[in-house]
Structures are given as structure tokens and as C-alpha cells.
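# Geometric and topological summary
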Amino acid sequence: MHCVIACDDGFVSKEKVGTTGFTIVGCVLYKGLNPIDVAFSPLRIDGLESSSIISALAVRLLEENHSNLDMECKPVILLDTIVFAGFNIVSLSLIKKLSGLDVVSFYNYQPNTGLLVKTVNEHLDFPKLRERLLSMQLQNLRAIRTSKGITYVVSTVDDLEFLENLIGYYQVYTRNPEPLRTAHMLTSSLSRLFR
């Protein structure tokens, strides 16, 4: 049985790149197709702490729900892109190191690395660090094929068949994995309440 901790961020205005403030990041623990628990945290827009916050939320969900998970159900952290809260870019390897869990970043489309790097260089502090995080990770982008079509992932998992099975299993209604859709709805709604 698949288990995931799906994480997504809340609303961030696309017109205000380089602004300060906070949004919400939320992670939903799924066992099979059933949501088990959810955890939230504030996340700085265009900050640098998304990897540690997502790791902490994942560890918290595991600790609080260890009795709900059987031994063969070790969750994978599922992210909707490596770019959170504006340009608060995650490091998949750091999340894996901090949480002890593999990480899969999902894309419906092939991201434009050049455009992302250009935005980082023109509008944000620590542009070289952000550029390296983007470029190093997105160079490992892989296409995967499921019954819903071709999507893309960056992952700490090397097994392509496992990735195709995992993503395909959670693509219940659309190409977007259901746990990510749930995380998106929750964080988007909460973040708009606190604007």
C-alpha cells in the first residue's frame, strides 16, 4: 500500500515577486487513498526555510500517527514543485536528510528553468544560491508515463517504475495526484483567511 505526505503552499500573489510576508504550508498524510491527518505552518514568502519546515511537518505527522501506519507503509513526501511561497526553494536532499523520507516533486508540465532563474536573479536576495537549488535539481527532471499521460518528477527515488506506480495510483480523477489536490485546497483556503 502506498503512503504519502503531500505538501503544498497557500496563496501568494504572482504580481509581487520579491515582497515580504507569509503564507501557509500544509502537509496531508495519506494511507492508501485515505487522508489520515494534516499539519500546517507559516512559511515566509521568498524565504529560505521551506526545506526545514516541510521536514518538521512530515516528522510531526509520522510521530503523531505511528499507530495508524503499518510497518510496510513508509510514506514518501510528495511536493507540488520545488518552489514554495514565491521563491522559497526546497532542497529535496535536505528534506530527505532531515525527515528520513524519500521526496518526489511533481510537475504537470515541464518547468522553464531559464525563466525561473531569470526571475530569481532579477528580483530576489541570494540569487546564486537560489539559482543553484533550481538548476541542480531541475536538471534531474524525468518524464514519467501513467494512464493519465506524461508528467514530470524530480525525486530522491531512482526507481522509475516505483515513481510511475506511485503517481499513477494517486491520479484518481485528473493528472494531479489527489493528495496534492487536497493539500492545495486546504492551504489555499487557509492562506486567504489570513491575508
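Here's a quick rundown of the structure. (Residues numbered from 1 in each chain as written. Predicted model: local features only at pLDDT ≥ 70, side-chain atom pairs only at ≥ 80, totals over all residues. Heavy atoms only, no water.)

### Some details on the sheet that holds strand 2 (residues 22-31)
Overall, mixed pairing links the 7 strands, which are arranged 3-2-1-4-7-9-8 in an open sheet. Sheet topology places strand 3 (34-44) and strand 8 (142-146) at the edges, where each strand pairs with a single neighbour. Looking at each pair of strands side by side, their axes are set apart by 30° on average, direction ignored. With 10 bridges joining them, strand 2 and strand 3 adopt antiparallel strand pairing. Bridge pairing links Cys27 to Ala39 in strand 3. The strands touched by helix 6 (residues 178-193) within the sheet are strand 1 (3-9), strand 2, strand 3, strand 4 (76-80) and strand 7 (103-107), with strand 2 carrying the most contacts at an inclination of about 150°. (Pairing = 2+ DSSP bridges. Helix = DSSP H or I, 4+ residues; strand = E, 2+ residues; numbered from the N terminus. Axes fitted to C-alpha atoms, helices over the stretch in contact; angles between N-to-C directions. Contact = heavy atoms within 4.5 Å.)

### A look at the packing of helix 1 (residues 50-64) against helix 2 (residues 92-99)
Direction vectors running N to C along helix 1 and helix 2 enclose 35°, while the axes themselves pass 9 Å from each other. The crossing of helix 1 and helix 2 is right-handed. Seen from helix 1, the contacting residues are Ser51, Ser52, Ile54, Ser55 and Val59; seen from helix 2, they are Leu94, Ile95, Leu98 and Ser99. Classifying every residue of the contact of helix 1 with helix 2 gives 5 nonpolar, 4 polar and no charged. (Left-handed = near helix turned anticlockwise from the far one by under 90°. Nonpolar A, V, L, I, M, F, W, Y, C, P; charged D, E, K, R; others polar.)

### Details of the environment of Ile5
Tracing the sequence through the fold places Ile5 in strand 1. The spacing of Ile5 and Ser105 is 100 residues in sequence and 12 Å in space, taken between C-alpha atoms. Residues within four places of Ile5 in sequence aside, it is in contact with Cys27, Val28, Leu29, Ala58, Leu61, Leu62, Pro75, Val76, Ile77, Leu78 and Leu101.

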